[in-house]
Amino acid sequence: MEKAKIFIIYEEGQISSLAFEELVYIKGEGESEYTFFNRAKAEIERLKKINFRDYFTPDNVIKVAFPETTKIEEKVNEKLSNQAVEIKNTHVYQQTINKCLEDVLSGKQILLNSSNYNLGKQMFVSQDVGKKRNNQEDSALILEHPQNNDFKLIAVADGVGGEYGGELASRHVLVKLSEWFNSLPPQLYNNMPAIQQSLDYLLPHIMDDLVYIPKGAATTLSCAIIGKDQTLIINIGDSRVYTTKDQNITQETKDDSIVQDLYENGKIPNKELMRFNVYSNVIRQSINKQKEADPHYKIINNSNYDRIIAVSDGVSDCLTTEELKNIITISKPEYVASNIVDKALNTTSTLSSVINNLQNNEKRQVVKNIKNKEDYYQTIYGGKDNTSVAAYIKK
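Rules used in this analysis
- Residues numbered from 1 in each chain as written.
- Predicted model: local features only at pLDDT ≥ 70, side-chain atom pairs only at ≥ 80, totals over all residues.
- Heavy atoms only, no water.
- Helix = DSSP H or I, 4+ residues; strand = E, 2+ residues; numbered from the N terminus.
- Buried < 20%, exposed > 50% of the residue type's maximum accessible area, 1.4 Å probe, protein only.
- Contact = heavy atoms within 4.5 Å.
- Areas by Shrake-Rupley, 256 points an atom, 1.4 Å probe, with all protein chains shown as cover.
- Axes fitted to C-alpha atoms, helices over the stretch in contact; angles between N-to-C directions.
- Parallel < 35°, antiparallel > 145°, perpendicular 65-115°, else oblique.
- Left-handed = near helix turned anticlockwise from the far one by under 90°.
- Polar contact = N/O pair within 3.5 Å; in protein donor to acceptor, adjacent residues only side chain to side chain.
- Pairing = 2+ DSSP bridges.
- Core = buried A, V, L, I, M, F, W, Y, C linked by side-chain atoms within 4.5 Å.
- 1 Å grid on protein atoms, 1.4 Å probe; cavity = no way out; pocket = protein on both sides within 12 Å on 5 of 7 lines; lining within 4 Å.
- Points joined across faces, edges and corners; volume = space filled by probe spheres on them.
- Nonpolar A, V, L, I, M, F, W, Y, C, P; charged D, E, K, R; others polar.
- pLDDT = per-residue confidence, 0-100.

### Let's talk about the overall build of the protein chain
In terms of helices and strands, the protein chain carries 12 helices and 18 strands. Burial analysis of the protein chain (395 residues in total) assigns 54% to the buried set. Long-range contacts, defined as pairs at least 24 residues apart, comprise 70% of the intrachain contacts of the protein chain with a sequence gap of at least 6. Of the roughly 18800 Å² that the protein chain leaves accessible, carbon and sulfur atoms contribute 45%.

Written out as structure tokens, the structure is:
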């Protein structure tokens, strides 16, 4: 059999593979070489069972404006006119470009004041630099495994260190996480313990090859890996993962923070007051080059939730759990992430209003246990920090 040829077609917004006597693969405009080669290799090997790198040459490049079969055939046939080869009956296989991944890999995401991404109709990211910060130190990611679209990942990394390069740390961690996830054997889709074991090796070394980074730079990580029947949740620091089922919300992660310790020890009398405490921005651990982090893992059944989100503290500092629940459960899938960010940017919370919304018995107990009001901020202004949400919506 004659070896198949490969043509690369540039088009904004999607990747398509065309299978016929000659093989065409569409590369998205602006897509990095790394993700293109991985996507192309996986798709081509699946369709034609060939070794991608053996057949790619720069000469096999064709550009089309639209993915209409006839136009593509015309372009390809024009290219092949001197080879006495003609194609017809083209079959098109389409796959959406992951613009979120592209912007993480290129470094563009951390340069944007606001951004919104989707990957298909179930995965979404929304981000905003906020009203007080001058730069974006959060990074956010949504992924589908190149060989199994039902194998998914959402993640948020919140850079720590202010002017000391937190954005470099958050981006780097998600770049390495994407490389690791895309290289996983697709059969691990149904083996969360094995994925956890792999992460246990990856995370302690994830910063090793970042040659230049300011000493104080670090990042949190909240992540969910969705498999066939179960979801693995990972967190380091105070970024969080929440799930909702019907009208119920669950915080699946526990913060690595001083205020979490104070709450568990009874020093903060109500969980909603954690964000008002003056130590609310002090975390116990992060991912950095100085000390290995100790990730927290949790495996839950996919049947336990309808929607799952990862958020930075720009969300959890500005919204109550009840406010978050209402947005997640009421919003249309495509608006969950952006509605949360918008609400966090524009909601001003006061300590008094949070206390007044408690039940009478709990309210009296809280007022009694707040011995020093100087330990608490009286007001939290919306948009106080970078704000990021990554969401996977089952329905």
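On we go.
### Structural notes on the packing of helix α4 (residues 99–106) against helix α5 (residues 166–182)
Axis separation between α4 and α5 bottoms out at 9 Å; the angle between their running directions is 125°. Classified by the interaxial angle, the pair formed by α4 and α5 is oblique. In this structure, α4 meets α5 at a crossing whose hand is left-handed. Residue-level inspection shows L101, V104, L105 and S106 of α4 in contact with α5, the latter providing R171, L174, V175, S178 and N182.

### Some thoughts on the environment of S139
Considering the arrangement of structural elements, one finds S139 in strand β7 (residues 138–145). Residue classification places S139 among the buried residues on the basis of a relative accessible area of 1%. On a C-alpha basis, the gap between S139 and V125 in space is 10.0 Å, while along the polypeptide they are 14 residues apart. When neighbours within four sequence positions are excluded, S139 is seen to be in contact with Q109, I110, Q127, A155, V156, A157, S170, R171 and L174. A distance of 2.9 Å separates a polar atom in the side chain of S139 from a polar atom in the side chain of S170. A polar contact is formed between the side chain of S139 and the backbone nitrogen of R171, at a distance of 3.3 Å.

### A closer look at the sheet that holds strand β15 (residues 307–311)
Spatial strand order, β5-β6-β18-β15-β12-β13: 6 strands in an open sheet with antiparallel pairing. This sheet does not close on itself; its edge strands, each paired only once, are β5 (114–119) and β13 (248–251). The average undirected angle you get between the axes of adjacent strands in this sheet is 15°. Strand direction decides the pairing type here: β5 and strand β6 (residues 123–128), joined by 6 bridges, are antiparallel. Bridging across to β6, Y117 finds its partner in V125.

### Some remarks on the nonpolar core
Judged by nonpolar contacts, the single largest core of 37 residues is most densely connected at L153, L177, W180, L199 and I225. Contributing elements (two or more residues each) for this core: α4, β7, β8 (148–160), α5, α6 (192–202), β10 (221–226) and β11 (230–236). With 7 residues, the single largest contributor to this core is α5. When residues no more than four places from it in sequence are discounted, the contact partners of L153 are M123, L141, I142, L143, L177, W180, F181, C223, A224 and I225.

### Brief notes about empty space enclosed by the protein
Tallied over the entire structure, the rule returns 3 cavities of 30 Å³ or more. What the largest cavity holds in volume is close to 190 Å³. As for the largest cavity, its lining consists of 19 residues, of which R240, D255, M274, R275 and S316 are closest to the centre. Those elements that place two or more of their residues in the lining of the largest cavity are β12 (240–245), α8 (313–316) and α9 (321–330). Class assignment for the residues of the lining of the largest cavity results in 5 nonpolar, 6 polar and 8 charged.

### A few points about the confidence of the model for the protein chain
When pLDDT is averaged across the protein chain, the result is 80; 74% of the residues are at 70 or more. Confidence over residues 47–69 falls short of pLDDT 50; this stretch has 58 contacts with residues more than four positions distant or in other chains. Within the model, pLDDT remains below 50 along residues 87–95, and this stretch shows 35 contacts once partners closer than five positions in the same chain are excluded.

### Some remarks on the packing of α9 against helix α10 (residues 336–345)
Two numbers describe how α9 lies on α10: the axes approach to 9 Å, and their chain directions differ by 150°. The angle between α9 and α10 falls in the class roughly antiparallel. For the pair α9 and α10, the crossing hand works out as right-handed. Every residue of α10 that contacts α9 at E323, L324, I327 and I328 is listed here: V336, N339, I340 and K343. A class-by-class count of the residues in the contact of α9 with α10 yields 5 nonpolar, 1 polar and 2 charged.

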